[in-house]
Amino acid sequence: AGLAAGLMVLGRTLLDRCRGAGHVACQVEHRIVATAAGQARVEVVVQPGPLRRIGALSFPGARPGATAELRAATGLAVGQPLVHGEVDAALGRGLALLHAGGRLDAQVKSVLGVPAADGAVPLRFEIEEGRVYTLAGLHVTGHAAAQEQRILAEVLKLRVGRGSCHRIPRSPAARCRRRSG
C-alpha cells in the first residue's frame, strides 16, 4: 500500500507541474517492472502533450476604457502558458475590480477559444457589468454604535477608480457618487 500511495502522490505532483506549465493534455503513467534479481523497478512516463499559451485576451461587454483596468487586474498576458487555475484566479480578480467600483451585480465568465496550430488559445472574459450601486448612508447600531465615525472613515477610504466619496457635514451618513461610465 505504501508504494502504491507514493506513486499516486508522485503522479499527481508531476501532472500538476505539467499542467501548471501550460500542457493541459498532460498524462502521467507509471508501471512496476519485475527485475531478474526479484526486485521491482518503477517506470514513470510523462506525456506532456501540446503546450497551450494565451493567444489573445479580450473583455467583450466591458465599458470603454475598462479593458486596460481589467487586463491589469487579471494579471494575464498574451503568450504566457494557459493554466486553468490561473485563469480562474484572474476571473476572480476581474470580478473583484468590478465589485470595488460599485458594480455589485457584475458577472464575469471565461471562455476559451479553439487552439491554433501553434498552441495559442484565445481567451475571452465575457463581462456583464451591471449597474453601479452607491453608498447612500451609513448608520451603525448595536455594540459598535460608538465606533460609527471610525467605521465611516474606514468606509470612505475604500474609494476606487474615478468615484468620489464625501461625508455629509454634521451627519453620521456617508454618500458616494460614482460615474456609471
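Everything discussed here concerns the structure shown above.
Asker: Account for the overall build of the protein, naming residues and giving values.
Answerer: Regarding its fold elements, the protein presents four helices and seven strands. In sequence order, the protein lays out its α and β elements as α-β-β-β-α-α-β-β-α-β-β. Considering the protein as a whole, with its 181 residues, one finds that 27% of them fall into the buried category. Taking as baseline every contact in the protein between residues at least 6 positions apart, the subset at least 24 positions apart corresponds to 49%. Carbon and sulfur atoms make up 57% of the accessible area of the protein, which amounts to about 11,100 Å² in all.

Asker: I'd like a description of a nonpolar patch on the surface, backed by residues and values.
Answerer: Among the surface-exposed residues, L3, L10, I32, V42, V44 and V46 lie close enough to one another that they form a single nonpolar patch of about 450 Å² accessible area. Looking at the nonpolar patch, the element that brings in the most residues is strand β2 (residues 40-47), giving three residues. Using a relative accessible area of 48% as the deciding quantity, one classes I32 as partly exposed.

Asker: If you had to explain the pattern of salt bridges to someone new, which residues and values would you point to?
Answerer: Applying the stated criterion across every chain, the model contains eight salt bridges. Taking the shortest distance from any N to any O, the salt bridge between R12 and D16 comes out at 3.4 Å. You can see R12 and its partner D16 sitting in helix α1 (residues 2-20), four residues apart, about one turn around the helix. For R12, a relative accessible area of 46% corresponds to the partly exposed category. Residue classification places D16 among the partly exposed residues on the basis of a relative accessible area of 43%. Residues R103 and E129 are paired through a salt bridge, measuring 3.6 Å at the closest nitrogen-oxygen approach. Pair noted here: R103 is in the loop between α3 (84-100) and β4 (107-112) and E129 is in the loop between β5 (120-128) and α4 (148-156), with a separation of 26 residues, a long-range link. Among the ionic contacts, a cluster of salt bridges with common partners joins R63, E69, R103 and E129.

Asker: I'd like to hear about the nonpolar core, residue by residue, with values.
Answerer: By size, the foremost hydrophobic cluster in this structure holds 18 residues, and its most contacted members are F59, L70, L76, L123, F125 and I127. Put simply, the parts of the chain that give this core at least two residues each are β3 (53-58), α2 (66-74), α3 and β5. Ignoring anything within four residues of it in the chain, the contact list for L76 reads I54, L57, R71, E86, V87, A90, L123 and F125.

Asker: How would you summarise α1 if you had to cite specific residues and measurements?
Answerer: Along its 19 residues, α1 runs 27 Å from first to last C-alpha, staying within 8% of the 27 Å computed at 1.5 Å per residue. Listing the buried residues of α1 in full gives L7, G11, L15 and C18. End-on, the buried residues of α1 take up no more than an arc of 70°, which puts them together on one face. Residues of α1 that are exposed and point over 90 degrees away from its buried face: G2, V9 and R17. Those residues of α1 that are buried are in contact with β1 (27-34) and β2.

Asker: Please provide a residue-by-residue account of α2, values included.
Answerer: Within α2, the full set of buried residues consists of A66, L70 and T74. What you see down the axis of α2 is that its buried residues fit within an arc of 65°, all on one side. Across α2 from its buried face, at more than 90 degrees, point the exposed residues A68 and A72. At its buried positions, α2 is contacted by α3 and β5. G75 sits one or two positions beyond α2 and adopts a positive phi of about 75°.

Asker: Got a sec to walk through the packing of aromatic side chains? Specific residues and values, please.
Answerer: Applying the stated criterion to the full structure yields one aromatic pair. Judged by centre distance (5.7 Å) and plane angle (15°), the ring pair of F59 and F125 falls under stacked. Here the residue F59 occupies a position in the loop between β3 and α2, and F125 occupies one in strand β5, the gap between them amounting to 66 residues. Look at F59 and you get buried, because its relative accessible area is 6%. Stacked on the ring of Y133, the Lys or Arg R131 has its end atom at 4.0 Å from the ring centre.

Definitions and limits used
- Every residue gets a number counted from 1 within its own chain, in the order that chain's sequence is written.
- pLDDT decides what is reported in this predicted model: residues at 70 or higher carry local features, side-chain atom pairs at 80 or more are listed and counted, and totals for whole chains, interfaces and linings draw on all residues regardless.
- Only hydrogens and water are removed before side-chain values are computed, so all heavy atoms of the structure are retained for them.
- The secondary structure listing takes helices from DSSP runs of H or I that are at least 4 residues long and strands from runs of E that are at least 2 residues long, numbered from the N terminus.
- Only protein chains enter the area calculation, which uses a 1.4 Å probe; residues under 20% of their type maximum are buried, those over 50% are exposed, and those in between are partly exposed.
- Only heavy atoms enter the contact rule, under which two residues are in contact if any of them lie within 4.5 Å.
- Computed with the Shrake-Rupley method and a 1.4 Å probe, the accessible areas treat only the protein chains shown as cover for residues.
- Patches here are clusters of residues that have more than 30% relative accessible area and form no salt bridge, with a 9 Å joining cutoff for like charges and a 5 Å cutoff for nonpolar side chains (Val, Leu, Ile, Met, Phe, Trp, Tyr).
- Whenever a carboxyl oxygen of Asp or Glu lies within 4 Å of a side-chain nitrogen of Lys or Arg, that contact is scored as a salt bridge.
- The criterion is simple. A nonpolar core is a set of buried Ala, Val, Leu, Ile, Met, Phe, Trp, Tyr and Cys residues joined through side-chain atoms within 4.5 Å.
- Take the residue count of a helix, subtract one, and multiply by 1.5 Å to get its expected span.
- Directions pointing from the helix axis toward each C-beta atom define the arc.
- Under the pairing criterion, centres of Phe, Tyr and Trp rings, with the six-membered ring standing for Trp, must be within 6.5 Å; the plane angle then separates stacked pairs below 30 degrees from edge-to-face pairs above 60, leaving the rest tilted.
- Consider the ring centre and the ring normal. A charge sits over the ring if Lys NZ or Arg CZ is within 6 Å of that centre and within 35 degrees of that normal.

Function cannot be inferred from these measures alone, as they are strictly geometric.
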